[in-house]
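Observations on chain architecture
In case you want the letters, here they are:
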Number of protein chains: 2
Amino acid sequence: MTKIAILGFGTVGSSVAKAVRILGIPGLEVSHIYNRDVARKRASAAAAHVGSDAIWTESIDDILHSDANIVAELVGGMDPAGSWIEAALKAGKSVVTANKQLIAYRGPELQKLAADNGVLLLHGAAVAGGVPVIPGILQGLQGDTITRISGILNGTCNYILSRMEAGDAYSDVLKDAQRLGYAEADPTADVGGFDARAKLCILARVAMHTELDPEQVATQTIADIDAVDFAYARELGCTIRQVSRAQAQGDGMYARVAPMLVPLQSPMAWSHGTQNMVVSTGAMGGDVVFSGHGAGGDATAVAVMSDLLAVAQGARCVSLPTVAKTVTGDSVAPHYLRFIVDDKPGIVSAISGALSKVGANIDSLLQRRGYPKHRLAFVVTTEPTLNSTIAQAIETIATLDCMLVRPLALEMLVVDDKDEETA
Amino acid sequence: MTKIAILGFGTVGSSVAKAVRILGIPGLEVSHIYNRDVARKRASAAAAHVGSDAIWTESIDDILHSDANIVAELVGGMDPAGSWIEAALKAGKSVVTANKQLIAYRGPELQKLAADNGVLLLHGAAVAGGVPVIPGILQGLQGDTITRISGILNGTCNYILSRMEAGDAYSDVLKDAQRLGYAEADPTADVGGFDARAKLCILARVAMHTELDPEQVATQTIADIDAVDFAYARELGCTIRQVSRAQAQGDGMYARVAPMLVPLQSPMAWSHGTQNMVVSTGAMGGDVVFSGHGAGGDATAVAVMSDLLAVAQGARCVSLPTVAKTVTGDSVAPHYLRFIVDDKPGIVSAISGALSKVGANIDSLLQRRGYPKHRLAFVVTTEPTLNSTIAQAIETIATLDCMLVRPLALEMLVVDDKDEETA
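Residues numbered from 1 in each chain as written. Chains lettered and ligands numbered in written order. Predicted model: local features only at pLDDT ≥ 70, side-chain atom pairs only at ≥ 80, totals over all residues. Heavy atoms only, no water.

Before going further, it helps to examine the overall build of chain A. Helices and strands together make up the secondary structure of chain A, namely 15 helices and 21 strands. For chain A, the C-alpha radius of gyration of 24 Å lies close to 22 Å, the compact-globule estimate for 423 residues. The buried share of chain A, reckoned over its 423 residues, is 59%. The long-range fraction of contacts in chain A, counting pairs at least 24 apart against all pairs at least 6 apart in sequence, stands at 74%. A total accessible area of about 16,000 Å² is found for chain A, and carbon and sulfur atoms account for 50% of it. In chain A, the 34 positive side-chain charges and the 45 negative ones have mean positions that sit 3 Å from each other. (Helix = DSSP H or I, 4+ residues; strand = E, 2+ residues; numbered from the N terminus. Rg over C-alpha atoms; globule rule 2.2 N^0.38 Å. Buried < 20%, exposed > 50% of the residue type's maximum accessible area, 1.4 Å probe, protein only. Contact = heavy atoms within 4.5 Å. Areas by Shrake-Rupley, 256 points an atom, 1.4 Å probe, with all protein chains shown as cover. Lys, Arg positive; Asp, Glu negative; His and termini not counted. Charge placed at Lys NZ, Arg CZ, Asp CG, Glu CD.)

With that settled, the discussion passes to the packing of aromatic side chains. Both the distance between ring centres and the angle between the ring planes are used here to describe each pair of aromatic rings. All names here are of chain B. Enumeration over the complete set of coordinates arrives at 12 aromatic pairs over all chains. Their ring planes at 75 degrees and their centres at 5.0 Å tell us that Tyr-34 and Trp-84 sit as a pair that is edge-to-face. A residue pair is termed long-range when its members are at least 10 positions apart, and Tyr-34 in strand S2 (residues 28-34) and Trp-84 in helix H4 (residues 81-90) qualify at 50 residues. Using a relative accessible area of 8% as the deciding quantity, one classes Tyr-34 as buried. A residue is classified by how much of its surface remains accessible, and Trp-84, at 15% relative accessible area, is buried. Note on Tyr-159 and Tyr-182: the rings are 5.0 Å apart at their centroids and 75 degrees apart in plane angle, and the pair reads as edge-to-face. Residue Tyr-159 is found in helix H7 (residues 155-165), and its partner Tyr-182 is found in the loop between helix H8 (170-179) and helix H9 (188-191); the two are separated by 23 residues along the sequence. What makes Tyr-182 partly exposed here is its relative accessible area of 23%. (Phe/Tyr/Trp six-rings, centres within 6.5 Å; stacked < 30°, edge-to-face > 60°.)

Moving on, we get to the sheet that holds strand S18 (residues 362-366) of chain A. The pairing of strands in a sheet comes from backbone hydrogen bonds and takes either a parallel or an antiparallel form. Residues and elements named next belong to chain A. Read from one edge of the open sheet, 4 strands run S18-S19-S17-S21, paired in antiparallel fashion. For this open sheet the edge positions go to S18 and strand S21 (408-411), each flanked by a neighbour on one side alone. The average undirected angle you get between the axes of adjacent strands in this sheet is 20 degrees. Examined bridge by bridge, S18 and strand S19 (residues 376-382) share 4 bridges and lie antiparallel to one another. When the sheet's bridge partners are listed, Ile-362 is paired in S19 with Thr-382. Sitting on the sheet, helix H11 (residues 227-235) is in contact with strand S17 (335-341), S18, S19 and S21, with an inclination near 135 degrees to S17. This element, helix H15 (residues 387-398), spans S17, S19 and S21 of the sheet and lies at about 10 degrees to S17. (Pairing = 2+ DSSP bridges. Axes fitted to C-alpha atoms, helices over the stretch in contact; angles between N-to-C directions.)

Expressed as a screw operation, the relation of chain A to chain B combines 0.0 Å of axial shift with a rotation of 180 degrees, fitting to an RMSD of 0.0 Å. The symmetry that links the two subunits is that of a two-fold axis. In terms of C-alpha distance to the rotation axis, chain A has Gly136(A) as its closest residue, with the C-alpha 2.0 Å off the axis. A share of 100% of the interface residues of chain A reappears at the interface of chain B, consistent with the copies meeting face to face through the same patch. (Least-squares fit on C-alpha atoms with pLDDT ≥ 70 in both.)

Moving on, we get to the domain arrangement of chain A. By domain assignment, chain A separates into domain 1 (2-122), domain 2 (133-293) and domain 3 (332-411). Taking only C-alpha atoms, the centre of domain 1 of chain A and the centre of domain 3 of chain A are 51 Å apart. (Domains from an automatic or database assignment.)

The next thing to look at is the interface of chain A and chain B. Taken together, the contacts link 60 residues of chain A with 60 residues of chain B. Taking both partners together, chain A and chain B bury about 4,800 Å²; carbon and sulfur atoms supply 60% of that area. Summed over the shared surface of chain A and chain B, the number is 0 salt bridges. Remark: the boundary between chain A and chain B carries 11 residue pairs in polar contact (both at pLDDT 80 or more). Secondary structure elements with two or more residues in the side of chain A that touches chain B: helix H1 (11-23), helix H6 (133-140), helix H7 (155-165), helix H8 (170-179), strand S13 (286-293) and helix H13 (297-312) of chain A. (Buried area = accessible area lost by both parts, 1.4 Å probe. Salt bridge = Lys/Arg side-chain N within 4 Å of Asp/Glu carboxyl O. Polar contact = N/O pair within 3.5 Å; in protein donor to acceptor, adjacent residues only side chain to side chain.)

Turning our attention to the pairing of strand S21 (residues 408-411) of chain B. Residue and element names in this part refer to chain B. Alternating positions in S21 separate into two faces, Leu-408 and Leu-410 on one and Ala-409 and Glu-411 on the other, with burial throughout. Examined bridge by bridge, strand S17 (residues 335-341) and S21 share 4 bridges and lie antiparallel to one another. By the bridge assignment for S21, Tyr-336 is matched with Leu-410.

In this section: the sheet that holds strand S19 (residues 376-382) of chain B. All names here are of chain B. Taking strand neighbours across the sheet as the criterion, the 4 strands line up as S18-S19-S17-S21 in an open arrangement whose pairing is antiparallel. Lying at the two open borders of the sheet, with one neighbouring strand each, are strand S18 (362-366) and S21. With direction set aside, neighbouring strand axes in the sheet form an average angle of 20 degrees. Lying over the sheet, helix H14 (residues 347-358) contacts S17, S18 and S19, oriented at roughly 30 degrees with respect to S19. With respect to the sheet, helix H15 (residues 387-398) is in contact with S17, S19 and S21, its orientation differing from that of S17 by roughly 10 degrees.

What follows is about the side chain of Arg245(A). Residues and elements named next belong to chain A. Examined against the element boundaries, Arg-245 turns out to sit in strand S10 (residues 238-249). Buried charge Arg-245 goes without a salt bridge, the closest partner of opposite sign being Glu-411 at 4.9 Å. A distance of 2.7 Å separates polar atoms of two side chains, one belonging to Arg-245 and the other to Ser-150. When sequence neighbours within four positions are dropped, the list of residues in contact with Arg-245 reads Arg-148, Ile-149, Ser-150, Leu-200, Tyr-254, Ala-255, Arg-256, Met-260 and Leu-413.

With that settled, the discussion passes to the confidence of the model for chain A. Residues at a pLDDT of 70 or more form 98% of chain A, whose mean pLDDT is 94. The low-confidence segment residues 419-423 of chain A, where pLDDT is below 50, has 15 contacts with residues more than four positions distant or belonging to other chains. (pLDDT = per-residue confidence, 0-100.)

The next subject is the environment of Arg148(B). Along the chain, the position of Arg148(B) falls in strand S7 (residues 146-152). Given the relative accessible area of 10%, Arg148(B) is considered buried.

The subject of this paragraph is unusual backbone geometry. In the segment running from Asp79(A) into Pro80(A), the intervening peptide bond is cis, with an omega of 5 degrees. Tracing the backbone shows Pro80(A) in the loop between strand S4 (70-73) and helix H4 (81-90).

This part takes up H6(A). With 8 of 8 residues buried, H6(A) lies mostly within the body of the structure. Each element contacted by the buried residues of H6(A) is listed here: strand S7 (146-152), helix H10 (194-208), strand S12 (275-282) and S13 of chain A together with helix H6 (133-140) and helix H13 (297-312) of chain B.

Residues and elements named next belong to chain B. Running from N to C, H7 and helix H11 (residues 227-235) point in directions that differ by 70 degrees, and their axes come no closer than 9 Å. On the basis of the axis angle, H7 is roughly perpendicular to H11. Residues Leu-161, Met-164 and Glu-165 of H7 form the contact with H11, whose participating residues are Ala-227, Phe-230 and Arg-234. Grouping the constituent residues of the contact of H7 with H11 by class yields 4 nonpolar, no polar and 2 charged. (Parallel < 35°, antiparallel > 145°, perpendicular 65-115°, else oblique. Nonpolar A, V, L, I, M, F, W, Y, C, P; charged D, E, K, R; others polar.)

The structure is reproduced here in structure tokens:
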């Protein structure tokens, strides 16, 4: 008999209980549920998924001293989840978790603790919820040398940006996202890129055997994206997505989470709503795309439930050693620069002067008709240039009197998967 | 030390040797290579990937009596590959194979033989080459109840149809595919759907725990698709792909490989060239998409190499019991019917009469301008109707004097993944 203790009976926790009931695997049952204010949870409709023998408790010690074999940690956050997992592993219990922050910051240490105690720590739900990116990579792509991971790892940002692509305003969409439960009251973790950054670090470890410090991964908010950017992006054959990207670069690694221009023919442009997507680029196998529902109780529960089955059956994934690498957010790419100005003679000349001074070459200049002269939005794209070089030029340009808002600089992705010969 | 014997040093076999060399995992080496006319292989450039200690042989017994721990079977076909795998398993060697026909027809029996001998049989490369569909499902989606698998499982057909979508003629594209090595001299296995059918049966087993008899899975050739069908498909917001589909239906299962109309907004319309794609639909997790390079030596070698690592590390996937189910190719779907006629009064009336007689309702009638009256191509779409009912009507319609070619009937796919609320 494999007994599961669920820590946290919220959206995901109750979906996991439902999944255990629906699958009905003989010998696999939810035996314990920990939650604060547990009486309220026990009285909720979701409690119907749990057998009458299960023990409901507000005391974590009840779980740690129980006969449960597996702890499903679905509380989230660094603490106390981290110390609970430590205690569970030391008590000889395997752990399944959806906790991306904890795994991003403390994964290797906790994995070692699990191994030292002869138990398993699985975290398939920590990245992209119900999309089996982590198990797919761990079991099916370790035979390749993965050189780059690009992903749409935050469903909230993808929901906001794909709604904006369809014509809605950022502030309206954010309000809808909050109302629908896709975004927190304080949306900073999502829109600022901090949620995606944790997931990117986990993927870099799993796919590229590289340990990155999440704090060192550069982020850029999506809150500065305006409707006008989607109009100009479309003229460039692109849309805008929050992209998380890690790529081997010299001895270190480029890693960055930022809104970027994505070509419409790129898989990442297909991703709509709260969907997640990961594109893994391998030296031998080329681009592999995983996509699906990254968030929500039921989708996340699929990943947790799959890990619970894996632990119950003693399944194990391939594990290769990792190395720590330094991170840079700097890489050479074409850039999209958007200016909103009170139009006066000499602006373009000042901008091109600032770019030329740092050695950045202009590739195109776009000015759509219909914007008023006193609030004119136009765009410059550059030839491939270092992000830091562009940032230098932007500092200078931002000081021009005519700039009504701070200029926006976005990396432009290039489609470069080698396709087969077509004729 | 884990020693690998490669059976078949062709495109995939030599890529596997390359992958072993590139990854350079300590303790993992190619020790034996079997091939007919082995001297020629040993003299080839690809032999440089193999260490000088390796034994090259034309005798399968040399392999079976060797100290190799794992046999990588890359010969393909039912025989003698099947008896070699049996012998290897009985000799206590684990087996990694890319052999879709063998696994489709004899998978469970060979898995049992492996288990009885305490060794492993992995076949991640048998479906979709370098796209980790099998490991992703086995390790990451067993927690869901998968109700449907839809896939683009044959790169040759996808290459042909996506070239036709771009305006090329079937016969020209087939010739190119043969020249490029994507299609055999006799392309029947690919264009007729027999290759994809084997892969679909493997996916039904892995994802839906259902054993299907490949011979019972209905197929329809893509060779009857004409340029005019892409023009009409486009008017209907669709393109055409060879789709492999299996879906739980009552006590049995609907399974079919056929060219179908695919909505342009469906993931399957994104797939171009020789790419493969699998869309798995789960009761809890919704649609999950896997896509990438399904064929070619290097992509397939990624899957083989990942399985070799898995065996070397003793990795194991979740395994749930399967049940045999009866198969039908019959399901209710809207249909696309294309007629090429020598135009005379009364044709539409005769067609609609034949459809109405079997109870099929017409949804739309499309006739593009510019076709000559003596060779007029037009299209009727129907409301959702059983395939077998449509086939009955087609039998009647085909006998009309004015029909210049046999009418073409294609299933039309409907996009039905529930998306989140969008406002």
